[in-house]
Structure formats: C-alpha cells, structure tokens
Amino acid sequence: MKKWNELVPGAVVLEAGSSLKFKTGSWRAFRPVWKEDNCIQCLKCWMFCPDMSVTVNDGKRGDFNYDYCKGCGICALECPGKKGNTAIVMEEEGK
Amino acid sequence: MADTKTSFRLKELSKKENLLESGHRMCSGCGAPIVVKQILMASEYPLVASNATGCLEVSTCISEYTAWKIPWIHTAFENAAATLSGVEAMYRAWKKQGRLDKDVKFIAFGGDGGTYDIGLQSLSGAMERGHDIVYVCYDNGAYMNTGIQRSSATPLGANTTTSPAGKVIPGKTQQRKDLTRIMAAHNIPYVAQGSPSHWRDLMTKARKAIAVDGPAFLNVLSPCNRGWRSATDDAILLARLGVETCYWPLYEIEDGKLSINFKPKEKKSLEEFMKPQGRFKHLFAPENASVLAELQAGIDREWNRLLAEAGEESK
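Source: prediction; values computed, not measured.

Side note on the interface of chain B and chain A
At the junction of the two partners, chain B supplies 41 residues and chain A supplies 34 residues. Surface buried jointly by chain B and chain A totals about 3200 Å² across both partners, of which 64% is contributed by carbon and sulfur atoms. One can count one salt bridge joining chain B with chain A. With its nearest N and O atoms 2.7 Å apart, the salt bridge here joins Arg-240 of chain B to Glu-78 of chain A. Applying the counting criterion to the chain B and chain A interface returns 20 residue pairs in polar contact (both at pLDDT 80 or more). Mapped by element, the contributors of at least two residues to the side of chain B that touches chain A are α2 (10-13), α3 (32-42), β3 (65-66), α9 (199-211) and α10 (235-244) of chain B. For the side of chain B that touches chain A, the element with the most residues is α3 of chain B, which contributes five residues. Broken down by class, the residue content of the side of chain B that touches chain A amounts to 19 nonpolar, twelve polar and ten charged.

Dropping the structure here:
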C-alpha cells in the first residue's frame, strides 16, 4: 500500500483495467463446472457473467477463469444446455 | 447507424475487448456490471464516463485498482451529470479550436439513489442544457451501497432498513417515482427503459442513445441480491420476470414518439417477480393483501397508460 505522498496527484489511476491484479476468485463458495459435451455454444454464460470470467476464444467458448469467478451461479441458471442437460453445474468448493 | 441485428451476434461481440475488467469488487451475482458491460460493448464510439457515488463507483475503483478501460471520473453523489456536462463542453470547445478532431461520446452512470434522489437536479439541468451525453441509471431500487435504505425508486411495500416491514408499517408506504417519464418530460431526443435480461434490446438502446446528437437517458433494471433478499444466481431471471410481469416495461421514446419494445403474450402475475424476493415476503401475509393489490393496480395503470400512448390495444 502506497502512502498518500507517493500517490499520483489527484489519486489518478494511470493503468486501465488494473483491477486484474486483484483476484476475486477466493470469494467463491460454489464453483461452476463446464461440461463441454452439453454445451451448444450459445455464449449466454459469457454475456450474463458479471465478472467477465467466461473465456471465449475466437468465438468459441473456453473454460471458466477461476481467478475472478465469484461463483454466483447466474451462468448455471441461464444455461439452456443440450436437450435438457445443462452444460454448467455448480459444485461446492473444497469438496 | 450500423445494422444492430447483424452486429449484435454473441459470437462477434465476444471478440470485442472488455471495457469493464474482471477483478472489480461488486457482490457475487450483482446485476450492475452486467448492465455496464452490455452498454459499453454496444458503443460505436470511444467513451468517457463519469460515475456518481454508489455501489458501482466504490467497487470498480478502489485505491490503485480500476476495472475501467475507458477514461472515468468519480464524482460526488449529486453531480455525475454536471461533471460530465463540463467535460463535454470542454470537448466541444477543443474541437472548435482545432485541438481535437476525434469523435468521442460521453456517458454517466448512477444508481437510483444518485439519479432519482440526490443527483436529480444536476441531471435535469444537464438534460435541459442539451449536452451531448448519455445518462444511465442502474436502478436496483434502494441505497444498496450503504445498507439498503429506501430511495424514491423503491417499490411500494418493499422492506428496507428505513422502511422496515413490521407491526407499524408494511414496508415502504409510497409508490415509486416514475423517473423515465420525468426524463421524457425534458423533451430530449432519446429516453428508454431496458433490462440486462433482454440484452439485444438494451444494447440497441444503448447504441441509439450514444449515437444520438443531444442528451439521452437510459433507465435500466439492475437486480441486487443483497437488497432484494434473493439468491445470488437469479439476477437475470428476476430482471426477465420484471419485464414479463410489466413491473419494468421495455419502451423507448424517440423524438417524443413512444414505442413499446416488448409486449408479453400473457402478462405474468406480479407475484412471480416478487415471490423469490425476501423484501416482499411480508406482503403475502393476509393482512397485507391490500398493499399487494395496490402495487399490482399501480403497475397495471402504468402499463395501460404506456399502451394507450403507444397507440396499442390493452389486453
């Protein structure tokens, strides 16, 4: 932690997106687990994730970024899955 | 304006850069970052933002950590619109002097406390002066940041720490203020109501609001599981139910003309929206039936008014 006289004048933050240095994944009580076989690539989980923790590479869904995922479960609830089989399951952390 | 139908495909959108980064400290399952990311993603212009005091402001920029990837100014509770007006005026002056030739747009974010209540006069002033800015209110229906105190956006009957439901009162005793209508009464070019559950609709509205020459206002429903006393995973579900029950109608007013963007085939009962929320739990007790009826009546009245103004038939 910097002292007040070491900060940039006006406490301006010069590095955009520096919150990436603060990992919020430790908040998680439940962990979303992605079942690729049931995934229809609708990307709704990506659109509705409040923590930008669903990775998508070149339009294809990748795994979760557990460094930041807070485990809210919105993705699991909104996942349409394939033929009624959800592609995201919430599992309790530490089990 | 670009064709929104083709450009708002998830696959294409996912290739855009995140303008609100991970690592912010909004609560798990908060609706606000979903609202902000959808709006920022919709813009065709570089944006400069101001942010009124509120959850979004205190949680996205803590000490040396900022989640924002656009120039962003923290202002006080009451002056997000005034600050942004000044920035926009300076930008116009610089453009006139030839010091800048880039097209930039300006956007303010505030919660319902900073918009409906504390920031209302500065917002009204900015809209009246005609600055080319967009003001986005993410409405979670109370002062959630300071511990769930009632605001003028809190719905009738909701339990908050300053309208506690009990033997004396059944939660908040007043109806909520209709801010979207107040903003429409400023006769600005664009006013709309949106919800993150209907992301394509919200992004279309954000794109229009940003592109329009002159002031625009967006009021967006933003579920808060802490204040609404609901589960962490139901932000989008509740936002969708809010729209489908007509608690939060999706409509826009373009140059004075109102159009409804989502008409439910069958209007769902308000109870579906309220049941998962602990803040309304006491309203289902028999002695509070009249409050529930009054709330439903207020929502029906507003929906019928909207239908009439849009020239559509009510069901």
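Next comes the rest of the account.
Topic: helix α12 (residues 289-309) of chain B
Residue and element names in this part refer to chain B. Given a rise of 1.5 Å per residue, 21 residues ought to cover 30 Å, and the 30 Å separating the end C-alpha atoms of α12 matches this to within 8%. Burial in α12 covers these residues: Val-291, Leu-292, Leu-295, Gly-298, Ile-299, Glu-302, Trp-303, Leu-306 and Leu-307. Where α12 is buried, its residues contact α8 (179-184), β9 (251-254), β10 (257-260) and α11 (270-274). Within two residues after α12, Gly-311 carries a phi angle of roughly 75°, on the positive side.

A look at the packing of aromatic side chains
For any pair of aromatic rings, geometry is given as the distance between the ring centres together with the angle between the planes. Residues and elements named next belong to chain B. According to the stated counting rule, one finds nine aromatic pairs over all chains in the structure shown. Grouped by ring-pair contacts, the aromatic residues Trp-68, Trp-72 and Phe-109 constitute a single cluster. The positively charged end of Lys-105 is found above the aromatic ring belonging to Tyr-45, 5.2 Å away from the centroid. Its guanidinium or amino end placed over the ring of Phe-284, Lys-275 lies 4.6 Å from that ring's centre, counting from NZ or CZ.

Remarks on the confidence of the model for chain B
With 97% of its residues at a pLDDT of 70 or more, chain B has an overall mean of 96. Across the interfaces of the predicted complex, the ipTM metric reaches 0.95, alongside a pTM of 0.96.

Considerations on the packing of α3 of chain B against α9 of chain B
Residue and element names in this part refer to chain B. Here α3 crosses α9 at 55°, and the two axes come no closer than 8 Å. The angle between the axes of α3 and α9 places the two elements in the oblique class. Crossing hand, α3 versus α9: right-handed. When α3 is examined against α9, the residues Gln-38, Ile-39, Met-41 and Ala-42 are found in contact with a partner set consisting of Trp-199, Leu-202, Met-203, Ala-206, Arg-207 and Ile-210. The residue makeup of the contact of α3 with α9, split by class, is eight nonpolar, one polar and one charged.

About the cut-offs
- Per chain, residue numbering runs from 1 following the sequence as it is written.
- Chain A is the first chain written and ligand 1 is the first ligand written, with later ones labelled in order.
- Under the rules for a predicted model, residues below a pLDDT of 70 receive no local features and side-chain atom pairs below 80 are neither given nor counted, while totals for whole chains, interfaces and linings still include all residues.
- In computing side-chain values, all of the structure's heavy atoms are included and hydrogens and water are not.
- In what follows, residue pairs with any heavy atoms lying within 4.5 Å of each other are defined as contacts.
- Buried area: the accessible surface (1.4 Å probe) lost by two parts on joining, summed over both.
- Here a salt bridge means any side-chain nitrogen of Lys or Arg lying within 4 Å of a carboxyl oxygen belonging to Asp or Glu.
- Pairs of N or O atoms within 3.5 Å make up the polar contacts considered here, provided that, within protein, one atom can donate a hydrogen while the other can accept it, and that residues adjacent in sequence are counted only when both atoms are side-chain atoms.
- Numbering of helices and strands runs from the N terminus; a helix is a DSSP stretch of H or I covering at least four residues, while a strand is a stretch of E covering at least two.
- Residue type decides the class: Asp, Glu, Lys and Arg count as charged, Ala, Val, Leu, Ile, Met, Phe, Trp, Tyr, Cys and Pro as nonpolar, and the leftover types, Gly among them, as polar.
- Expected span, for any helix, means 1.5 Å times one less than how many residues it has.
- Classification of residues uses two cut-offs on accessible area relative to the type maximum, computed with a 1.4 Å probe and protein chains only: under 20% is buried, over 50% is exposed, and between them is partly exposed.
- A pair of aromatic rings is counted whenever rings of Phe, Tyr or Trp (Trp by its six-membered ring) have centres within 6.5 Å, and the orientation is called stacked for planes under 30 degrees apart, edge-to-face for over 60 and tilted otherwise.
- By definition, being over a ring means that NZ of Lys or CZ of Arg is both within 6 Å of the ring centre and within 35 degrees of the ring normal.
- The predictor's confidence in any single residue is recorded as pLDDT, a number from 0 to 100.
- To obtain an axis, a line is fitted to C-alpha atoms, over the contacting stretch when the element is a helix, and the angle between two such axes runs from 0 to 180 degrees between their N-to-C directions.
- Geometric relationships in this document are graded by angle, where less than 35 degrees denotes roughly parallel, more than 145 denotes roughly antiparallel, 65 to 115 denotes roughly perpendicular, and other angles denote oblique.
- Here a crossing is called left-handed whenever its near helix is offset anticlockwise from the far helix by less than a right angle, and right-handed whenever the offset is clockwise.

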